[in-house]
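# Observations on the model geometry
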Amino acid sequence: MSVHPEDVLEFVHDEKFSKLWHGSCKRAMTWQAFSQEKPPEGCTIEEAYAVATALRRCISLPLPFDNYIAGISEPYNWFFVTEDMHERLIDLVALGKRGSTLDSYLTECVSSRSRILLLLDEYLSLARRDGIAARAHDVRSLWTKSREPRSPEDRLARNFSHLMLHIDRYRERPFTFRLLEDLHNELMHGVHFGETAPKGRSRIKNRKPSHLDDPGHALDIILDIAQGRGCAGDIHPIFRSMLISGVFWEFFPFPTANAILELIVRNILYAKEELPLLGWVSFSRASELWEQGMLNDPNISWGYLEPFPDCGEGFDATSHFATELQLMLKELGYLKERLLTIHREDTSIRSALENVRYLNTRQRDILLFSARN
């Protein structure tokens, strides 16, 4: 059966299809939501979905590795940046960029020693991904130096805090295998788990075979994404950070502590892209709840690994990235509330100290520093 160009043009300009097409370009739609719409006369909703997907794929971004969920090769593993995703990216960049109001509050009002505590929930989530036992009270006491490490898990937590507090020395270095190796060695310094080293817990059951199962290949892909090589060069740094997270969380290129190392790499990537504040957002914690179906938020419409019809255009990962953007903005909102509270307290303490006449400037600074810690 031959298809005439005029028939195709008539179809895509049909009012009902135009509505479906523009709707799918504006936001990521679940198949359930799409299937409730009315297709053009003479075709099914499945056919309209197939045409819309094919059109979107023509202007999509290919992902830099094969799909380990559907077993699809690289060129057919892709995503599309919808209008609302683009708007969310703009919001994240504005809030997270160097010199933004929130970045200034973090830098000026939170001491380096107190700053690490902002990552407590994130560290606990990452430790769970790595199969490492960690309790909030124990980690907090180590980070505030109220006790000394007594176990390999303790030493790992202490090493992590030390790395995060001195991460500036790594930010100017290019992303290479040597950098990743140095970061991992620093993280694992003095940590000896013996023969019972904890193993990362895969997020996906019945995963398809992937080249990423080879640790060397996984590290090569991480470096390509971090450096923006190949097709990764067209992908926004925030999406690239999510891709790096996925490889670390699912394929464990290092013997242990991959998820914890990923946060350090993510922090360095954001610093290089002039988005330092985003390194303090609890992205893993929010993703963990979403993956487990425990995120009770009506604004998050997509479930983890939401099913959709196979229309011969490969794997469309748009919904996945759309949801992770929502999660990041949601967690950034929590961080914003904490920083605003800290800023108000800092301003209040500073104002109170300035009214004490017998204190000189140096004494005020010392008292303010003590209050912050």
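Just above, that's the structure.
Structural notes, computed from the coordinates. Throughout, a residue's number is its position along its own chain's written sequence, starting from 1. A pLDDT threshold of at least 70 governs which residues receive local features in this predicted model, and a stricter bar of 80 or more applies before side-chain atom pairs are shown or counted, although totals over entire chains, interfaces and linings include all residues. Side-chain figures throughout are based on the complete set of non-hydrogen atoms in the structure, without hydrogens or water.

Further remarks concern the packing of helix α5 (residues 83-96) against helix α17 (residues 318-354). One can describe the packing of α5 onto α17 by two numbers: an axis separation of 10 Å at closest approach and a directional angle of 35°. You can see that α5 and α17 cross each other, and the crossing is left-handed. Taken together, the residues of α17 that come into contact with α5 (itself represented by Met85, Arg88, Leu89, Asp91, Leu92 and Leu95) are Thr318, Phe321, Ala322, Leu325, Gln326, Met328, Leu329 and Leu332. Only the stretch in contact is used when a helix axis is fitted, and all axes are lines through C-alpha atoms; the angle between N-to-C directions ranges over 0 to 180 degrees. Secondary structure follows DSSP: runs of H or I at least 4 residues long count as helices, runs of E at least 2 residues long count as strands, and numbering of each begins at the N terminus. Two helices cross in a left-handed way if the nearer one is turned anticlockwise from the farther one by less than a right angle. They cross in a right-handed way if the turn is clockwise. Contact between two residues is taken to exist if any of their heavy atoms lie within 4.5 Å; hydrogens are not considered.

A few words now on empty space enclosed by the protein. Any space left empty among the atoms is revealed by the rolling of a water-sized probe across them. A pocket here means an open set of points on a 1 Å grid, computed over the protein atoms alone, that has protein on both sides within 12 Å along at least five of seven lines. A cavity is instead a set of points where a 1.4 Å probe fits but cannot get out; residues with an atom within 4 Å of a point line either one. Grid points are joined across faces, edges and corners, and a volume is the space filled by probe spheres set on the points. Applying the stated criterion across every chain yields a total of two cavities of 30 Å³ or more. Estimates place the volume of the largest cavity at around 170 Å³. In terms of lining, the largest cavity is formed by 14 residues, of which the most central are Met29, Tyr49, Arg56, Trp302 and Asp316. Elements represented by at least two residues in the lining of the largest cavity include exactly α4 (45-58) and α17. Of the residues forming the lining of the largest cavity, the biggest block, four residues, is contributed by α4. Among the residues making up the lining of the largest cavity, the classes are represented as seven nonpolar, four polar and three charged. In this structure, the second largest cavity encloses a volume near 40 Å³. Lining the second largest cavity are Tyr49, Thr53, Trp78, Phe308, Pro309, Asp310, Cys311, Glu313, Gly314 and Asp316. Of the residues that constitute the lining of the second largest cavity, the class distribution is five nonpolar, two polar and three charged. Basically, the charged four are Asp, Glu, Lys and Arg, the nonpolar ten are Ala, Val, Leu, Ile, Met, Phe, Trp, Tyr, Cys and Pro, and anything else, Gly included, counts as polar.

Here the focus is the layout of surface pockets. Its boundaries defined by the atoms lining it, the largest pocket holds a volume of some 540 Å³. Listing elements by their share of the lining of the largest pocket, those giving two or more residues are α14 (237-251), α16 (283-291), β3 (315-316) and α17. When the residues that make up the lining of the largest pocket are grouped by side-chain class, the tally is 21 nonpolar, nine polar and six charged. In this structure, the second largest pocket spans a volume of roughly 290 Å³. For the second largest pocket, the lining is made up of 14 residues, of which Thr107, Arg115, Asp168, Arg171 and Trp280 are closest to its centre. Mapped onto the lining of the second largest pocket, the elements with two or more residues apiece are α6 (101-109), α7 (112-115), α10 (152-165) and α11 (168-171).

This part takes up the nonpolar core. Here, nonpolar core means buried Ala, Val, Leu, Ile, Met, Phe, Trp, Tyr and Cys residues that are tied together by side-chain atoms lying within 4.5 Å of each other. Think of it in three bands: with a 1.4 Å probe and only protein chains considered, a residue is buried below 20% of the maximum accessible area for its type, exposed above 50%, and partly exposed in between. In this structure, Phe160 and Ile238 are the most contacted members of the largest nonpolar core, which totals 92 residues. What Phe160 contacts, discounting residues up to four positions off in sequence, is Ile116, Leu119, Tyr123, Trp143, Leu187, Ile260, Leu263 and Ile264. If you look at the next biggest cluster of nonpolar residues, it comprises twelve residues, including Phe34, Tyr49, Trp78 and Phe80.

Moving on, we get to the packing of helix α8 (residues 120-129) against α16. One way to put it is that α8 packs onto α16 with a least axis distance of 7 Å and a crossing angle of 55°. On the basis of the axis angle, α8 is oblique to α16. For the pair α8 and α16, the sense of crossing is left-handed. Touching Asp121, Glu122, Ser125, Leu126, Arg128 and Arg129 of α8 are Phe283, Ser284, Arg285, Ser287, Glu288 and Glu291, all from α16. For the contact of α8 with α16, a count of residues per class yields two nonpolar, three polar and seven charged. Note on terminology: angles under 35 degrees are roughly parallel, angles over 145 are roughly antiparallel, angles of 65 to 115 are roughly perpendicular, and the others are oblique.

On to unusual backbone geometry, then. One non-glycine residue, Lys145, lies in positive phi territory at about 60°. Topologically, Lys145 is positioned in the loop between α9 (136-143) and α10. Residue Lys145 is classed as exposed on the basis of its relative accessible area, which comes to 61%. Positive phi, normally seen in glycine, also occurs at Glu274, with a value near 60°. Looking at the element boundaries, Glu274 is found in the loop between α15 (258-272) and α16. A relative accessible area of 41% means that Glu274 is categorised as partly exposed.

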